[in-house]
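The chain contents come next:
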Amino acid sequence: MSSIQTPHSERVGALYRDHRGWLLAWLRRNVACPSRAEDLSQDTFMRLLGRDTLPEPREPRAFLVAIAKGLLFDYFRRTALEQAYLAELMLIPESEHPSPEAQHLILEDLKAIDRLLGTLSSKARAAFLYSRLDGLGHAQIAQRLGVSVPRVRQYLAQGIRQCYVALYGEPT
């Protein structure tokens, strides 16, 4: 790893020095687990280091909070997904539970699917899930979402496209 300081890394270093304590306190107010707050704080600065460019933020704390909120949202969404999976797992007899290794792989797959569908609008994501998981028809989905049937078709096409891109990459 290079120890050469670039303007980018110096800017991140300055943000870290000047605002890390404040960001960590903000995260601790929003997350019950102090170590999770630490992780999210570090992830915020790692996200900055991973950027190609970093303009000088006019409001550094608001800038850091915007990044941290995105990470926080992802954390809460992943936690909710894990809890939903574990709740469903409790509904089947223990003798039919997948192995711990299989459970881990299932959770990782669910997280990948969540990331994939997370790029869709909330209505497109809901339409796709209503169709694929609940088996609802276009008219039923349209009624639930308060949109037209052609709009549902567009939403489903968006979801299918995301799946295609995940499997095969961008179409050429």
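About the cut-offs
Residues numbered from 1 in each chain as written. Predicted model: local features only at pLDDT ≥ 70, side-chain atom pairs only at ≥ 80, totals over all residues. Heavy atoms only, no water. Axes fitted to C-alpha atoms, helices over the stretch in contact; angles between N-to-C directions. Helix = DSSP H or I, 4+ residues; strand = E, 2+ residues; numbered from the N terminus. Parallel < 35°, antiparallel > 145°, perpendicular 65-115°, else oblique. Left-handed = near helix turned anticlockwise from the far one by under 90°. Contact = heavy atoms within 4.5 Å. Nonpolar A, V, L, I, M, F, W, Y, C, P; charged D, E, K, R; others polar. Phe/Tyr/Trp six-rings, centres within 6.5 Å; stacked < 30°, edge-to-face > 60°. Buried < 20%, exposed > 50% of the residue type's maximum accessible area, 1.4 Å probe, protein only. Lys NZ or Arg CZ within 6 Å of the ring centre and 35° of its normal. UniProt positions renumbered as here; feature names shortened; annotations may be inferred.

1. A short note on the packing of helix α3 (residues 60-89) against helix α4 (residues 100-117)
The angle between the axes and the distance between the axes are what describe a pair of packed helices. Running from N to C, α3 and α4 point in directions that differ by 135 degrees, and their axes come no closer than 10 Å. The pairing of α3 with α4 is recorded here as oblique in orientation. In the crossing of α3 with α4, the sense of the turn from one axis to the other is right-handed. Contacts from R77, R78, L81, E82, Y85 and L89 in α3 reach Q103, I106, L107, L110, K111 and D114 in α4. Partitioning the contact of α3 with α4 into residue classes produces six nonpolar, one polar and five charged.

2. What to know about the packing of aromatic side chains
Following the criterion strictly, the structure yields three aromatic pairs and no others. Ring geometry for Y164 and Y168: centres 5.0 Å apart, planes at 50 degrees, overall tilted. In this pair, Y164 and Y168 both sit in helix α7 (residues 149-168), four residues apart, roughly one turn of the helix. Judged by relative accessible area, Y164 falls into the partly exposed class, the value being 40%. On the accessibility criterion, Y168 (60% relative accessible area) is exposed. A cation over an aromatic ring shows up here: R144 above the ring of Y130, its NZ or CZ 5.0 Å from the ring centre.

3. A word on the side chain of Q162
Note that Q162 resides in helix α7. We classify Q162 as buried; its relative accessible area is 18%.

4. A closer look at the UniProt feature "domain: RNA polymerase sigma-70 region" (unreviewed entry) in the protein
The positions that UniProt labels "domain: RNA polymerase sigma-70 region" (unreviewed entry) are, in the present scheme, residues 15-80. The annotated region residues 15-80 carries 80% helix and 0% strand content, and the separation between its end C-alpha atoms amounts to 31 Å.

5. Considerations on the environment of S148
Within the secondary structure, S148 sits in the loop between α6 (138-145) and α7. Look at S148 and you get partly exposed, because its relative accessible area is 39%. Put simply, S148 and H138 are ten residues apart on the chain and 9.0 Å apart in space, counted from C-alpha to C-alpha.

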